[in-house]
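# An overview of the molecular structure
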Amino acid sequence: MRRWGWWLCVVGLSGCGAPAEEWAEDACADLLPGDVVITEYLNDPEGTDTGREYVELHNPLSVPVSLEGLTLHASRSDGSQEKTFLFDGPLSLAPGDYLVLGDVREGTVPAHVDLSYGDALGALGNASGRLGLRCGSRVMDEVPLTAPAKSGVARVYDGRLVPDSAGNDDPTRWCDSEGSTVGGSFQGSPGAANAPCAPTEGASGGDGGAEKCSPLEGLAARPVRWPRVGELVITELMVNPIGDDTSAEWVEVLALAPVDLNGLTVGSDTVGTRLQGTQCLSLPAGGYALLARRAEAVLNGGLPTPLATFGVDLRNSGGVVRVRAGEVVVDAVEYGPAREGVATQVSVERANASDNDSPSSWCPARERHGERGNLGTPGRVNTRCTEGDADAGASDGGGQDAGPSDGGRDAGSTSDAGPRDAGPPDAGPPDAGPPGSTCIDRITGRARAVRVPEVGSIVLTEFMADPTVVADGVGEWVEVLATREVDLNGVTLMNESGASTTLEAALCLSLKTGTRAVLARSLDPALNGGLPAVLATFSFNLANTAGARSLRLMKDGRALDAITWSNAATPGVSWQVDPASSDAQRNDLPGSFCAAPTGARYGLGDRGTPGLENRACPR
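The residue count restarts for each chain, going from 1 along the sequence in the order it is written. A pLDDT threshold of at least 70 governs which residues receive local features in this predicted model, and a stricter bar of 80 or more applies before side-chain atom pairs are shown or counted, although totals over entire chains, interfaces and linings include all residues. Computation of side-chain values covers all heavy atoms of the structure but excludes hydrogens and water.

It is worth spelling out the overall build of the protein at this point. Secondary structure summary: the protein contains 5 helices and 46 strands in total. A simple rule labels every residue: compare its accessible area, found with a 1.4 Å probe on the protein chains alone, to the largest value its type can have, and call it buried under 20%, exposed over 50%, or partly exposed in between. The 619 residues of the protein split such that 55% are buried. Helical segments are the DSSP runs of H or I of at least four residues, strand segments are the runs of E of at least two, and each set is numbered from the N terminus.

Shown next, in the form of structure tokens:
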């Protein structure tokens, strides 16, 4: 699209910052999240920003989309200092087309800009902020602003992926444009499809250097995702085991975000071991990893399979355990004199990188494990420390490792993450769950009671049984809608054969009212076909062939929701509930489900709307 120039800002004063008209929300009422997607922005032009910034919008559908009534907004990361621009006149975006909006303040509109928003948005944040589209209060799309490596380079959504408003929430799917220089002033691809993003080291965390790893044997290597400070937490130490210390010492860590451990250095304040392996030493958010001196159970006292091994002696008299990513200390704890055969653990509700600095957060382990009578919970959720349990504990371990690194060894890992319903949910607040049922809140980092879902409070709304862009074993997924605020911790997903996975995590698997969770076979978008953020994984297959099929969500033996079907899966197409039937009663009715429409695509190109509101089924 070209030559729209100043038309909206001259004809419609609300586009220049005046209050939006009451008609605006009605004008865009038929749009759904993802019908228009932000795919590129230039937030840090070389030299003066004013008059040179731009935002690119894309219509990923197979039908035209009207932008009338939508509001483009920009703010700080916390939502403060928001500024807006209203599309207050007729404007249609053709299927697959792009619209480039610029902050041209005066003079001729450049050839790469279709429409100017003048000074309505002010200056976009160069290093952080939020940029989005909404209809009234409904968010159509919103992305975090991030800094380019150098000024004058646009940030673009990965051209390998179908643009969607769930996937583009992930900053790791954005990169600096490798497009040609436009008009001699910036590098980007405004108004055209983006090029694929080149692999970047340390996509999830800090700079991973040249580290790469393979998600599964035989698959192409990808960049290692190092944890940022606070995303990997030391939670338990066994420094004086019964038996040989050099074979049976271990360290337990908890991931608070999806991370890889390849290339991290684990050790004391003077020496460390660099964890190595060609296969990714991956942890999902809420996953525990056991790092041990030896991998063989006959030598280490019957430990669960370690994720990796290290070669550093931990002093029985007290010392420091530290995890580094390059020169960055990700987490460190100081411990006191160790009792033989007793691990030192952080209390479950204080398993975060700030609380584990306090000695009062730590206590001796009480549960027996292995073959030698050692006490500890290696690779499992810790128990809660009680008053009087205080151990010699942990405090901030200080600076950086100074010693050499030696070769750790990858020990491998795995992850897991009908009938009609019993009736509607009650109207009360979410239940607190049984005594001792806690999880770590993703916002506060502190333990709280699990918000247990009731019948009908979570609804099965979409599933993909036969992806085509990736194998079924990594690309299948199920979507769940929350009708009230809940946690999915302890909920079981089950199919018609009785195969099931109970969703377990130290972190709260939280869903707010009206939001959707994607449960998938794999957390890794490089494996799962480019899914948006996956909340948890399941381990069984979804049948492709016709027959009596079902999925159900269970909690403590109760069916929270269930769906049944008999048709064979369509390759590359999800099966979705009509939006009007998105509750635990109507999604049971015949005709409530249909194939995802042609224009609804995600990730690498399969059809579906994982994590987004479904499209209406044809009538």
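Having seen the structure, we can now continue with the description.
Once that is clear, we can look at the packing of aromatic side chains. A pair of Phe, Tyr and Trp rings is counted when the ring centres sit within 6.5 Å of each other, with Trp represented by its six-membered ring. The angle between the planes then sorts it: under 30 degrees is stacked, over 60 is edge-to-face, the rest tilted. Scanning the entire structure with this criterion turns up 9 aromatic pairs. Judged by centre distance (5.3 Å) and plane angle (55 degrees), the ring pair of Tyr54 and Phe186 falls under tilted. Residue Tyr54 is found in strand β2 (residues 54-58), and its partner Phe186 is found in strand β14 (residues 186-187); the two are separated by 132 residues along the sequence. Measuring from ring centre to ring centre gives 6.3 Å for Phe85 and Tyr117, while their planes differ by 55 degrees; the resulting arrangement is tilted. Taken as a pair, Phe85 in strand β5 (residues 83-86) and Tyr117 in the loop between β8 (115-116) and β9 (130-135) lie far apart in primary sequence, 32 residues in all. One exposure class covers both Phe85 and Tyr117, and it is buried. Among the aromatic residues, those joined into a cluster by ring pairs are Tyr41, Tyr157 and Trp174.

Counted residue by residue, strand β39 (residues 516-520) has 5 buried out of 5 residues, so it is predominantly covered. Covered by surrounding structure in β39 are Arg516, Val518 and Ala520 together with Ala517 and Leu519, the residues of both alternating faces. A pair of strands is considered paired only if DSSP assigns at least 2 bridges between the two. Pairing of strand β34 (residues 477-482) with β39 involves 5 bridges; the strand directions are antiparallel. Bridge pairing in β39 links Glu479 to Val518. Note that β39 and strand β40 (residues 536-537) share 2 bridges and pair parallel. Bridge pairing links Leu519 to Ala536 in β40.

Now for the sheet that holds β2. Across the sheet, which stays open at both edges, the 6 strands sit in the order β8-β7-β2-β1-β11-β12 with mixed pairing between neighbours. Edge positions in the open sheet fall to β8 and β12 (174-176), since each of these has one partner strand only. Relative to β2, strand β1 (residues 37-42) runs antiparallel, the two being bridged by 5 bridges. Bridge assignment links Leu42 to a residue of β2, and that residue is Tyr54.

Quick look at the state of the cysteines now. Count a disulfide wherever a pair of cysteine sulfur atoms falls within 2.5 Å. The tally for this structure, following the rule as stated, stands at 6 disulfides. Covalent S-S linkage joins Cys439 and Cys508, the inter-sulfur distance amounting to 2.0 Å. Because the torsion about its S-S bond is 95 degrees, the bridge between Cys439 and Cys508 counts as right-handed. Remark: Cys508 occurs in the loop between β37 (500-502) and β38 (510-511) and Cys439 occurs in strand β31 (residues 438-440); sequence separation between them is 69 residues.

Moving on, we get to the sheet that holds strand β27 (residues 344-346). Overall, mixed pairing links the 6 strands, which are arranged β24-β23-β18-β17-β27-β28 in an open sheet. Of all strands in the sheet, those bounded by a partner on one side alone are β24 (308-309) and β28 (362-364).

So, about the environment of Gly529. Here Gly529 lies in the loop between β39 and β40. On a C-alpha basis, the gap between Gly529 and Asp606 in space is 7.9 Å, while along the polypeptide they are 77 residues apart. Two residues qualify as a contact provided that any one of their heavy atoms is within 4.5 Å of a heavy atom in the partner residue. Residue contacts for Gly529: discarding those within four places in its chain leaves Val469, Val470, Tyr602, Gly603 and Leu604.

Let us now look at the pattern of salt bridges. One side-chain nitrogen of Lys or Arg within 4 Å of one carboxyl oxygen of Asp or Glu is enough to make a salt bridge. In total, this model carries 26 salt bridges according to the counting rule given. Ionic pairing is found between Glu249 and Arg293, a salt bridge with its closest N-O pair at 2.7 Å. Taken as a pair, Glu249 in the loop between α3 (245-248) and β18 (250-255) and Arg293 in the loop between β23 (288-292) and α4 (297-300) lie far apart in primary sequence, 44 residues in all. As a salt-bridge pair, Asp487 and Arg448 come within 2.8 Å of each other at their nearest N and O atoms. Linking Asp487 in strand β35 (residues 486-487) with Arg448 in strand β32 (residues 447-449), this pair joins segments that are 39 residues apart in sequence. Both residues of the pair, Asp487 and Arg448, count as buried. Overlapping salt bridges, with partners in common, bring together Arg222, Arg225, Asp260 and Asp524 in one network.

A separate point is unusual backbone geometry. Its identity is not glycine, yet Gln81 carries a phi of approximately 55 degrees, on the positive side. When you line up the elements, Gln81 lands in the loop between β4 (71-75) and β5. Unusually for a residue other than glycine, Asp556 sits at a positive phi of about 55 degrees. By secondary structure assignment, the location of Asp556 is in the loop between β41 (549-555) and β42 (558-565).

Buried residues dominate β41, accounting for 7 of its 7 residues. Alternating residues of β41 divide into Arg549, Leu551, Leu553 and Lys555 and Ser550, Arg552 and Met554, and every residue in both groups is buried. As judged from the 4 bridges shared by strand β36 (residues 492-495) and β41, these two strands associate in the antiparallel manner. When the bridges of β41 are listed, Leu493 appears paired with Leu553. Across 7 bridges, β41 lies against β42 in antiparallel orientation. Among the inter-strand pairings, Leu551 is bridged to a residue of β42, identified as Ile563. As consecutive antiparallel partners, β41 and β42 are separated by 2 residues, and within that stretch Asp556 has a phi angle of approximately 55 degrees, a positive value.

Below, the discussion takes up the side chain of Arg293. Classification of Arg293 as buried rests on a relative accessible area of 11%. Between N or O atoms, a polar contact is any pair within 3.5 Å; within protein, one atom must be a potential hydrogen donor and the other a potential acceptor, and residues adjacent in sequence are included only when both atoms are from side chains. Engagement of the side chain of Arg293 in a polar contact is seen with the backbone oxygen of Val312, the distance being 3.2 Å. Setting aside chain neighbours within four positions, we find Arg293 in contact with Asp245, Thr246, Ser247, Ala248, Glu249, Thr309, Phe310, Gly311, Val312 and Asp313.

Bringing the nonpolar core into the picture now. Where a protein is soluble and globular, its nonpolar side chains tend to be buried together. Core analysis: the biggest nonpolar cluster contains 41 residues, and Leu232, Ile234, Leu237, Val253, Leu261 and Leu283 have the highest contact counts within it. Of all the elements, β18 adds the most residues to this core, at 4 residues. In contact with Leu237, not counting residues within four places along its chain, are Trp250, Val251, Val321, Val333, Tyr335, Ala343, Thr344 and Trp362. By size, the runner-up hydrophobic cluster in this structure holds 33 residues, among which are Cys28, Val65, Ala74 and Leu124. Nonpolar core, defined: a set of buried Ala, Val, Leu, Ile, Met, Phe, Trp, Tyr and Cys residues in which side-chain atoms within 4.5 Å join the residues together.

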